[in-house]
Structure formats: structure tokens, C-alpha cells
Amino acid sequence: MAETATIPIIDISAEGADQAQVAKELVDAAVKYGFVYIKNAGRDISAEQIENAFNLSRTLFNSPLEDKQRCKIEKNNHGWSGMHTETLDPKTQRVGDFKEGFNFGTFVKGKATQPVPRSIEPHQAELAAFREACHELCRKLLLLFGIGLGVNPPTFFTSAHAATAPSGSILRFLYYPPPQTTPSAQATDVRAGAHSDYGSITLLFRLRGQAGLEILADPSTNTWSPVPVTPQGTEHDISPPILVNIGDLLSYWTNGLLRSTVHRVTFSSQSATAAGESTADPRYSLVYFCHPADDTPLAPVPSARVADACQSSGSSSPSTEHKVLTAAEHLQSRLRATYLQMYADGEKK
């Protein structure tokens, strides 16, 4: 049995908490692990909102195939993707991911700005409210990162993530069918290929007992560790903690100081499962990928600690690039690699 990942649990909304201390703990976790659990007591996003979103996810994926196909994903990264549409690790995957997904972009006055399945149309206002709550939680976290990194001003990141600005931010529903319904899967296949996320930060909501997520704990030995849905000490919380991870953009923006950790979702129910969890059942997850406004220049962050990180980082960063990328340019480079067939088809036309 693989050892479970060691990831800190932080309560960012506790009454009377020392904001500077919380910010320090958050940055320390992001530097060392790239992941952090946020204790979920319902202060930022209620348990009812989360439960309702999971129910809507089940409704969506149970919709008729032709209705989901009507909402097929486009190059704007909005819409439905079927089994094997995504290939998150094209260098090693035999086939695309064993999952379905649906990406929601922006909502205007409680209405989606894209086609949605008919079963979801009456619930658009609920989805809009959940997406808004996710974005506000991300801005709260980004302010803490600004404080913890000594950024001047500390609102540097939050200002770049205005809720109304066009961006790559996405609310995503994911469905992984149970292994017994995917007989074509081979021993080396995975439900979602090894990857790092593309944006600033990601919020992940999971259901108790549904295993599968692993992080690359040690790249030198290719050691993977399962990430429990309910880590020790949170068993009696109203909802499992929200799992937050750093995306490639924020890692790039901070000269690699904040770590973007590779992760995957597996079929295995033997070698890499946290106690009390299983991969035998369907797996649902809700994900919010938070991105800066499209036109945000990824220039060096005004932080002495971030500047110092450039001296020890061998990877590309705003401090080493000749051209300053925008957030939109950074995202498009990643999407082309993920949706190989969609972009290839577009270039043939």
C-alpha cells in the first residue's frame, strides 16, 4: 500500500485567525508541496451549494448523448468532452483519458454564455452562484499569497483576477465511469493522465470514499502518493476539505517559487488508495480553474522573495523570458497540447 501524501490542512476562515500567519503557512505549503487542504466549514462555500453542484453534475452526465454532443467543447475551452477526448499526458498515454468533462465559462445575469444540456437549463442561476463563490474564494487565497510573498501591493494577484474580466477561468464537472464499464482499459491506462494544471490556482471538490487522485511525490523515483479525500482530522467536518493546488501560470509568474505539482487519476484500487477509499465506483469531481484576466502581462511579480527565486530556478520565468507573455497566450499554448485532435482538425480546414 502506497503511503498517502503529506499535505497541510489550513483554516483560512477561522474567527480571530492571524492573517499574516495563515498567509505564511499557505505560502510554505505551496512552496514545498504545491498542494494544500483548505478546511471547509461552510464559511466561504456552503455544504448545500457543494452538494447541489454534485447533484447537477450527475444530472448533466446522465443526459442523452446527443444532447451533450450538441454542447461539444470548442477552442474557447467551453463545453462537453467525451471519453478519450482529452489526452493530458500525450507522451505516455496509449489512449485519451477515461472520463467525461463539462466546462462552464462565464454566466451573465444567471445565464450561461454557451450551450448547455437541456437538463441543466433550469439550474443555470445555481451554477452561476456556485462559480461566483469559487472565484471569490480564489481571490481570497490569492490575497493571502500576496501577503505571504511580501508582494507590493499585496492585492497584486487579486487585481489581476477580477471576476468580470474575460479570462480562462473555468468551472468544470468531471465524471469517471467505474472500471467495470470500461473493459477496454489496460493495466497501464489511467483515468486522467499525469499533468499539472494550467492556471493560477485550482479548487477541487470531491466526494467521500471516491479515490483515484495521486501526486508525483518524488520525480526522481517516479513515486506516486494517493491524496485522501478526507485526511486525518477532517472526518467529522461538514464537508471534506477543499484541495487547492498551484497551477503552471502562478508557478511561472513566481519564478518557480510556488510549486506546480504533477498529478493524475488512476484506476488502481490496490497499490495507491487511501484507507477507506475505493476506485471501484463512479468518481465525480468539481473543479474550479482560476486564471488571470486574458490581457494580464505575466511580468515579474513585485516581490523580493520571488525575485530571489529566479537565481535558483533553471526553468523559464518572467525574469528570464525576452517577451512578456499574457495570461491568454500562456493558456493557449497548453490547450493545444491537450486537445491534439481538435486543433489538428481545425488546421486542416
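Below, the structure is looked at part by part. If you're wondering where the values come from, they're calculated on a predicted model, not measured in any experiment. (Residues numbered from 1 in each chain as written. Predicted model: local features only at pLDDT ≥ 70, side-chain atom pairs only at ≥ 80, totals over all residues. Heavy atoms only, no water.)

Another aspect to go through is empty space enclosed by the protein. Inspection of the entire model under this criterion finds 2 cavities of 30 Å³ or more. Taken together, 31 residues line the largest cavity, and the ones lying closest to its centre are Arg172, His195, Asp197, Val287 and Phe289. Looking at the lining of the largest cavity, the elements with two or more residues in it are strand E7 (170-176), strand E8 (192-195), strand E13 (263-265), strand E14 (283-290) and helix H8 (327-338). Counted by class, the lining of the largest cavity contains 15 nonpolar, 11 polar and 5 charged residues. Each pocket or cavity is described by its volume, and for the second largest cavity that value is around 70 Å³. (1 Å grid on protein atoms, 1.4 Å probe; cavity = no way out; pocket = protein on both sides within 12 Å on 5 of 7 lines; lining within 4 Å. Points joined across faces, edges and corners; volume = space filled by probe spheres on them. Helix = DSSP H or I, 4+ residues; strand = E, 2+ residues; numbered from the N terminus. Nonpolar A, V, L, I, M, F, W, Y, C, P; charged D, E, K, R; others polar.)

Below, the discussion takes up the sheet that holds strand E1 (residues 9-10). Reading across the sheet, the 8 strands line up as E1-E2-E12-E9-E14-E7-E4-E3 and stay open at both edges, with mixed pairing between neighbours. Every other strand in the sheet has two partners, leaving E1 and strand E3 (79-81) as the edge strands with one partner each. Packed on one face of the sheet, helix H1 (residues 19-32) meets E1, strand E2 (35-38) and strand E12 (242-246) and runs near 140° to E2. On the sheet, helix H4 (residues 124-148) packs against E2, strand E4 (100-104), E7, strand E9 (201-206), E12 and E14 and is oriented at approximately 130° with respect to E9. (Pairing = 2+ DSSP bridges. Contact = heavy atoms within 4.5 Å. Axes fitted to C-alpha atoms, helices over the stretch in contact; angles between N-to-C directions.)

Here we take up the packing of helix H2 (residues 47-61) against H4. Direction vectors running N to C along H2 and H4 enclose 125°, while the axes themselves pass 10 Å from each other. For the element pair H2 / H4, the angle class is oblique. In the packing of H2 onto H4, the handedness of the crossing is left-handed. Contact with H2, carried on its side by Gln49, Ile50, Asn52, Ala53 and Leu56, involves Glu126, Leu127, Ala129, Phe130 and Ala133 of H4 and no other residues of that element. The class makeup of the residues in the contact of H2 with H4 is 7 nonpolar, 2 polar and 1 charged. (Parallel < 35°, antiparallel > 145°, perpendicular 65-115°, else oblique. Left-handed = near helix turned anticlockwise from the far one by under 90°.)

The next point concerns the nonpolar core. Core analysis: the largest hydrophobic core is formed by 65 residues, its most contacted members being Ile201, Leu203 and Phe205. A total of 11 residues in this core trace back to one element, the largest contributor, which is H4. Those residues in contact with Phe205 that lie beyond four places of it in its chain are Ile45, Ile50, Phe54, Phe130, Cys134, Ile242, Ser285 and Leu286. Leu174, Tyr198, Leu204 and Ile215 belong to the second largest nonpolar core, which has 20 residues in total. (Core = buried A, V, L, I, M, F, W, Y, C linked by side-chain atoms within 4.5 Å. Buried < 20%, exposed > 50% of the residue type's maximum accessible area, 1.4 Å probe, protein only.)

A separate point is the layout of surface pockets. The volume enclosed by the largest pocket comes to roughly 580 Å³. In terms of lining residues, the largest pocket is bounded by 31 residues, among which Gly105, Thr106, Phe107, Arg131 and Ala163 are the most central. Here the element with the most residues in the lining of the largest pocket is H4; it accounts for 5 residues.

Now for the sheet that holds E13. Across the sheet, 4 strands lie side by side as E8-E13-E10-E11; this open sheet has antiparallel pairing. Of all the strands in the sheet, just E8 and strand E11 (223-226) have a single pairing partner and so form its edges. The sheet shows a mean angle of 25° between the axes of neighbouring strands, direction not considered. Pairing between E8 and E13: 2 bridges, direction antiparallel. Across the sheet, the residue bridging to Ala192 is Val265, located in E13.

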